[in-house]
Amino acid sequence: QAQLVESGGGSVQPGGSLRLSCAGSGSIASFNAMGWYRQAPGQQRELVAVRARVALTDYADSVKGRFTISRDNAKNTVYLQMNSLKPEDTAVYFCTAGDWETRATTYWGKGTLVTVSS
């Protein structure tokens with residue numbers, strides 16, 4: 001019924017950049033927030049960034065100033081521009097759809113791997 005499909009992951013050297021994209025379909029349009037989580041090996045899954053339909057955003061402290069989330073409401077697509085990447089950014093990144101106020105997530109993408117290493 002609803003799908004989230006990520007793209008743009010890959011390998012990059014420290015200091016490099018990547019842009020992740022997530023295209024939603026079906027009932028994704030009924031959710032007022034889309035965002036990104038990530039999970040590194042042996043670590044808990046954490047919220048990286050979230051954006052409402054209006055220009056409201058929130059970021060994890062570890063990525064503020066380096067990552068930028070944007071959203072095309074008409075296309076149900078969310079992006080994550082990742083600059084100045086660090087090895088500790090290495091993780092599987094998941095696109096999500098949910099609620100802005102509660103940060104509850106209803107739908108998850110399958111994830112895309114980002115590897116930052118020299």
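Scroll up to find the structure.
What counts, and where the lines are drawn
- Residues numbered from 1 in each chain as written.
- Predicted model: local features only at pLDDT ≥ 70, side-chain atom pairs only at ≥ 80, totals over all residues.
- Heavy atoms only, no water.
- Phe/Tyr/Trp six-rings, centres within 6.5 Å; stacked < 30°, edge-to-face > 60°.
- Helix = DSSP H or I, 4+ residues; strand = E, 2+ residues; numbered from the N terminus.
- Buried < 20%, exposed > 50% of the residue type's maximum accessible area, 1.4 Å probe, protein only.
- Lys NZ or Arg CZ within 6 Å of the ring centre and 35° of its normal.
- Core = buried A, V, L, I, M, F, W, Y, C linked by side-chain atoms within 4.5 Å.
- Polar contact = N/O pair within 3.5 Å; in protein donor to acceptor, adjacent residues only side chain to side chain.
- Contact = heavy atoms within 4.5 Å.
- Pairing = 2+ DSSP bridges.
- Axes fitted to C-alpha atoms, helices over the stretch in contact; angles between N-to-C directions.

Here we look at the packing of aromatic side chains
Next up, step 1: Within this structure, the stated rule accounts for 3 aromatic pairs.
Next up, step 2: Between Phe31 and Tyr107, the aromatic rings sit 5.6 Å apart at their centres with planes inclined by 75°, giving edge-to-face as the arrangement. With Phe31 in the loop between strand S3 (18–26) and strand S4 (33–39) and Tyr107 in strand S10 (residues 105–108), the pair connects residues that are 76 residues apart, well separated along the chain.
Next up, step 3: With a relative accessible area of 15%, Phe31 lands in the buried category.
Next up, step 4: Aromatic pair Phe94 and Trp108: ring centres 6.1 Å apart, planes at 80°, arrangement edge-to-face. Remark: Trp108 occurs in strand S10 and Phe94 occurs in strand S9 (residues 91–98); sequence separation between them is 14 residues.
Next up, step 5: A relative accessible area of 36% places Trp108 in the partly exposed class.
Next up, step 6: Aromatic rings pair up to connect Tyr37, Phe94 and Trp108 into one cluster.
Next up, step 7: Stacked on the ring of Trp108, the Lys or Arg Arg45 has its end atom at 4.6 Å from the ring centre.

Looking at the nonpolar core
Next up, step 1: Met34, Trp36, Val48, Phe67, Leu80, Met82 and Tyr93 are the most contacted members of the largest nonpolar core, which totals 28 residues.
Next up, step 2: Looking at this core, the elements that each hand over two or more residues are strand S1 (2–7), S3, S4, strand S5 (46–52), strand S7 (67–72), strand S8 (77–82), S9 and strand S11 (112–116).
Next up, step 3: Of the residues forming this core, the biggest block, 4 residues, is contributed by S9.

Concerning the side chain of Asp89
Next up, step 1: Locating Asp89 in the fold gives a position in the loop between S8 and S9.
Next up, step 2: A polar side-chain atom of Asp89 sits 2.8 Å from a polar atom in the side chain of Arg66.
Next up, step 3: Beyond its immediate stretch of four places on either side in the chain, Asp89 contacts Arg38, Arg66, Phe67, Ser84, Val114 and Val116.

Remarks on unusual backbone geometry
Next up, step 1: One non-glycine residue, Asn76, lies in the positive phi region at around 50°.
Next up, step 2: For Asn76, the location among the structural elements is in the loop between S7 and S8.
Next up, step 3: Non-glycine residue Ser84 carries a positive phi angle of around 50°.
Next up, step 4: Relative accessible area serves as the criterion here: at 40%, Ser84 is assigned to the partly exposed category.

Considerations on the sheet that holds S7
Next up, step 1: As summarised here, the arrangement of the 4 strands in space is S1-S3-S8-S7, forming an open sheet in which the pairing is antiparallel. Each edge of the open sheet carries a strand with a single partner, namely S1 and S7. Strand-to-strand twist of the sheet, defined as the mean angle between neighbouring strand axes without regard to direction, takes the value 15°.
Next up, step 2: Inspection of the sheet shows S1 paired to S3 by 6 bridges, in the antiparallel sense.

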